[in-house]
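# Summary of structural features
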Amino acid sequence: MRILVTGGAGYIGSHTCLELLNSGHQVVVVDNLSNSSVEALKRVEQLTGQSIKFYQADIRDEKALSAIFAAEKVDAVIHFAGSKAVGESVAKPLFYYENNVSASGLLMQVMLQHQVKTLVFSSSATVYGEPVSSPIREDFAVHPESPYGRSKLMVEQIMSDLVVAQPDFSAISLRYFNPVGAHESGLIGEDPNGIPNNLMPFINQVAIGRRPYLSVFGDDYDTPDGTGVRDYIHVCDLASGHVKALETLHQNAGFHVFNLGTGQGVSVLEMVDAYRRISGQLIAYQVAPRRPGDIACYYGDPSLAAEKLGWKAERGLDQMVADSWKWQKLNPHGYTRRS
């Protein structure tokens, strides 16, 4: 199939492009490069020996988007483009609703205009809000607690409504937990702008000497070591989940929702200890006050994806850490190639 990947030059998008190419698909990427690098796509081409058609464009630009669909004749879309920082979404809610919700609605409108009727959407476990228990199943109540989480849920609601109006449309929402790691080559990985919002890239930057220490937000939770527990999933497993969903449900009409995770929780200090052990680096940290809205324990039940998609996470914590550290060592300043 010929697949359009929005946000394909980003962290998860680039790894998914790699998986698509290795699975025999053709890839077209649309990315405005606001939080990504075209260098990631060049490295995907290097790893696969295949080419990617790249358009630097914003999916909020209807004219540009429609022209791309007309030129490329794609079979399906995997949609990553959007903003993803919870804290920023609280400060800039209107931007998040425009950039995530309105843009996604426009994308679906253009898809229909060009008879493209399979969409895989990059959603998030944040749609569940604070769950009554873990592991979290797809049938749990959804009550996101930030504009970011609400923007993801709103897009899911649009997709759900669309399949009622368009009975032949296949809308697939993948709610995933905490992506970490990098490709085993160390050529592509996570390269956030500014101060990282997520644990692993922050540890990476402490390990490589770019930051003096890691802030651990709270050590008094009701967990074995007092720090927050999360479901970390290797980005390559996550990428394969998107390809599995696409291949399994292409032209399978309806609205489909799946959790993508490992089904196991790892605490902040367990992650720090694993990183120290595997990298041999001292990971200094300081305990800081809890952040508002943080939850003690949060991990998913991925059994539905195993049953319906034939997918499960294959890579464990040690490989997540080893691949992440290799990426950071080879690219101490990300894709900028600075020494």
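Residues numbered from 1 in each chain as written. Predicted model: local features only at pLDDT ≥ 70, side-chain atom pairs only at ≥ 80, totals over all residues. Heavy atoms only, no water.

Cut-off, in case you're wondering: UniProt positions are given in the numbering used here, feature names are shortened, and annotations may be inferred rather than shown by experiment.
An unreviewed UniProt entry annotates the protein as UDP-glucose 4-epimerase of Rheinheimera tangshanensis. As stated in UniProt under Sequence similarities (unreviewed entry), the record for the protein gives "Belongs to the NAD(P)-dependent epimerase/dehydratase family." Looking at the Pathway (unreviewed entry) heading of the UniProt record, one finds this comment for the protein: "Carbohydrate metabolism; galactose metabolism."

### Topic: the packing of helix α1 (residues 11–22) against helix α2 (residues 38–48)
Threshold: Simply put, an axis is a line fit to the C-alpha atoms, just over the touching stretch for a helix, and the angle between two N-to-C directions goes from 0 to 180 degrees. Secondary structure elements are defined from DSSP: runs of H or I of at least 4 residues count as helices, runs of E of at least 2 residues count as strands, and each element is numbered from the N terminus. Roughly parallel means an angle under 35 degrees; roughly antiparallel means over 145; roughly perpendicular covers 65 to 115; every other angle is labelled oblique. The crossing is said to be left-handed when, going from far helix to near helix, the turn is anticlockwise and less than a right angle, and right-handed when the turn is clockwise. The contact rule is simple, with two residues in contact once any of their heavy atoms fall within 4.5 Å. Under this grouping Gly is polar, as are all residues other than the nonpolar Ala, Val, Leu, Ile, Met, Phe, Trp, Tyr, Cys and Pro and the charged Asp, Glu, Lys and Arg.
Two elements in contact, α1 and α2, have axes separated by 10 Å at closest approach and are oriented at 25°. Taken together, α1 and α2 sit at an angle that is classed as roughly parallel. Judged by the twist between their axes, the crossing of α1 over α2 is right-handed. Residues Ser14, Cys17, Leu18, Leu21 and Asn22 of α1 lie in contact with α2, whose contacting residues are Ala40, Leu41, Val44, Leu47 and Thr48. Here the contact of α1 with α2 is composed, by residue class, of 7 nonpolar, 3 polar and no charged.

### Description of the pairing of strand β2 (residues 26–31)
Filter applied, for reference: For the exposure calls, accessible area comes from a 1.4 Å probe over protein chains only, and a residue counts as buried if that area is under 20% of its type's maximum, exposed if over 50%, partly exposed in between. For two strands to be treated as a pair, DSSP must find no fewer than two bridges joining them. If you view a crossover with the strands going away from you and the path from the first strand over the helix to the second runs clockwise, you call it right-handed.
Buried residues dominate β2, accounting for 5 of its 6 residues. With 5 bridges joining them, strand β1 (residues 2–6) and β2 adopt parallel strand pairing. Residue pairing for β2: threonine 6 is matched across the bridge by valine 30. In this fold, the crossover linking β1 to β2 by way of α1 has right-handed handedness. Here 4 bridges tie β2 to strand β3 (residues 53–56), and the two strands are oriented parallel to one another. Along β3, the bridge assignment pairs valine 28 with lysine 53. Following the chain from β2 across α2 to the adjacent parallel β3, one finds a crossover that is right-handed.

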